[in-house]
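# Structure at a glance
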Amino acid sequence: MNPLLARLGTGLAQAALAPPPRIAGRVLRYDGLVVEATGIPVSPGTLCRIDTETGLAAEAEVVGFAHGRTLLFLDQPKAVILPGARLTVVPGGQDAGVGPAFLGRVVDAKGAPLDGLGPVPARASWPLNGVEMNPLARTPVERPLDVGIRIVNAVLALGQGQRIGIVAGSGVGKSVLMEMIARYTSADVVVIGLIGERAREVGDFVRKLMQGDAARRICVVAVPADRSPLLRLRGVRRATALAEYFRAQGRQVLLMIDSLTRVAHAQREIGLALGEQPTAKGYPPSVISLIPGLIERTGPGLPGQGAITAIYTVLADGDDTTNDPVVDAARAILDGHLVLSRRQTQMGLYPAVDVPQSVSRVMNDIVDPEHRQAAARLRQLIAIWMENRDLMLMGGYAPGQDNDLDEAVRLWPHIRRFIAQDIHEAAGFAATRADLIALVGERT
């Protein structure tokens, strides 16, 4: 062999084995949260480590570019960063570790364990921003998913691959309803993202849920409210990436994000810090584009894959479900919503699902005609009773004036027992269907 060719081949082999070059830059400006740097030509989503005065490196994520500089958002605000501090790129920052080892575990936004059980071995990696799918190639939503909640299975049945919101104010039983669904659902895998919640509430939720055999199919990604907005966004993307991985494995996945509103708040903080102009209620345009981009990653998969049934909680400030931009954006893109009623909580009626205000847009496609007719009749009776409750309490109702109202009054004790469900009680889909038909069929 020609000596020159031999040397060339050896050089190429050594170059292939050599580690990739480390990309580094320098800090030009820092305001306690946003870092402007130069010398790091990388794309948004890339993670970087920044040298600090204390010697402990701070992590930041590239979020954009402006005036020839790279903009980064810190994981931990107020880090002790000096002018000219060195930045280095962290490999793999745009991917999330995934695998069956995450089941039964509680991790943070970076995939680090929070449960004290040691590192979680990742079998593979998945893009944090998901994998784009051809919408026409996705399988249809045509089979119900048993969530173990009687009123939902009866009149607001969810399909495998449906996306739905739980719209509620504070203190109306949202977390308890989520806990019951996670425990009693028939889904193969449950991925829960606790984003922006109080640390105490996160701890209580995990302690109650991660017990017994049910915990073996549950993965929790927890990012409390005191973490940076960047970590809150990475947390919801990590949870969604885990759900996408299990869907690709052919599993039926239930993804629950609590809450979509806190995710929107995190994006609002980042957008305003980067100079975006606020619009309705202070939300910049990036928030409105974030919500559909996140939700559309869920749903049915391709043929041979599973489906992600997604439940997002949406906080309604002051119980206002009509004038909040996040509520409106979520309602427009989701396949239905469950509205929780403070009035029903005051009546001691749990789960406090306001049936007349709630809707499942795929129910008519996934249940049989008898179930559909019985559900419509029960919705009608509940709406009639709720609308006339105050009138009856004031003595303004006389039997015989309205046959439907007479029927609603007569059946209300039975309806109330049907709606009410203890936290330790599971209500299967088949049994709920039979009880529903018996309730509105035989007694009418």
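This part covers the pattern of salt bridges. Under the criterion given, the structure shown has 26 salt bridges. The salt bridge involving Arg 433 is made with Asp 368; its shortest N-O contact spans 2.8 Å. Of this pair, Arg 433 sits in helix α13 (residues 429–442) while Asp 368 sits in the loop between α10 (363–366) and α11 (369–393); the two residues are 65 residues apart in sequence, bridging distant segments of the chain. Overall, Arg 433 belongs to the partly exposed group, its relative accessible area being 24%. Relative accessible area serves as the criterion here: at 28%, Asp 368 is assigned to the partly exposed category. One salt bridge in this structure joins Glu 370 and Arg 433, with 3.3 Å as the shortest N-O distance. Here Arg 433 lies in helix α13 and Glu 370 lies in helix α11, a separation of 63 residues in the sequence.

Of all hydrophobic cores here, the largest spans 68 residues; its most connected members are Ile 192, Val 220, Met 256, Leu 378 and Ile 415. Examining the composition of this core, we find that 8 residues originate from one element, α11, more than from any other. Apart from the residues lying within four places of it in its own chain, the contact partners of Ile 192 are Ala 182, Phe 205, Leu 209, Ile 218, Cys 219, Val 220, Val 221 and Met 256. In this structure, Val 120, Trp 126, Cys 219 and Tyr 283 belong to the second largest nonpolar core, which totals 53 residues.

Moving on: the packing of aromatic side chains. The tally for this structure, following the rule as stated, stands at 2 aromatic pairs. Taken together, a centroid distance of 5.2 Å and an interplanar angle of 65 degrees make the contact between Tyr 245 and Phe 246 edge-to-face. A single burial state applies to Tyr 245 and to Phe 246, both of which are buried. Cation over ring: Arg 183 sits above Tyr 184, and NZ or CZ is 6.0 Å from the ring centre.

Conventions we followed
Residues numbered from 1 in each chain as written. Predicted model: local features only at pLDDT ≥ 70, side-chain atom pairs only at ≥ 80, totals over all residues. Heavy atoms only, no water. Salt bridge = Lys/Arg side-chain N within 4 Å of Asp/Glu carboxyl O. Helix = DSSP H or I, 4+ residues; strand = E, 2+ residues; numbered from the N terminus. Buried < 20%, exposed > 50% of the residue type's maximum accessible area, 1.4 Å probe, protein only. Core = buried A, V, L, I, M, F, W, Y, C linked by side-chain atoms within 4.5 Å. Contact = heavy atoms within 4.5 Å. Phe/Tyr/Trp six-rings, centres within 6.5 Å; stacked < 30°, edge-to-face > 60°. Lys NZ or Arg CZ within 6 Å of the ring centre and 35° of its normal.

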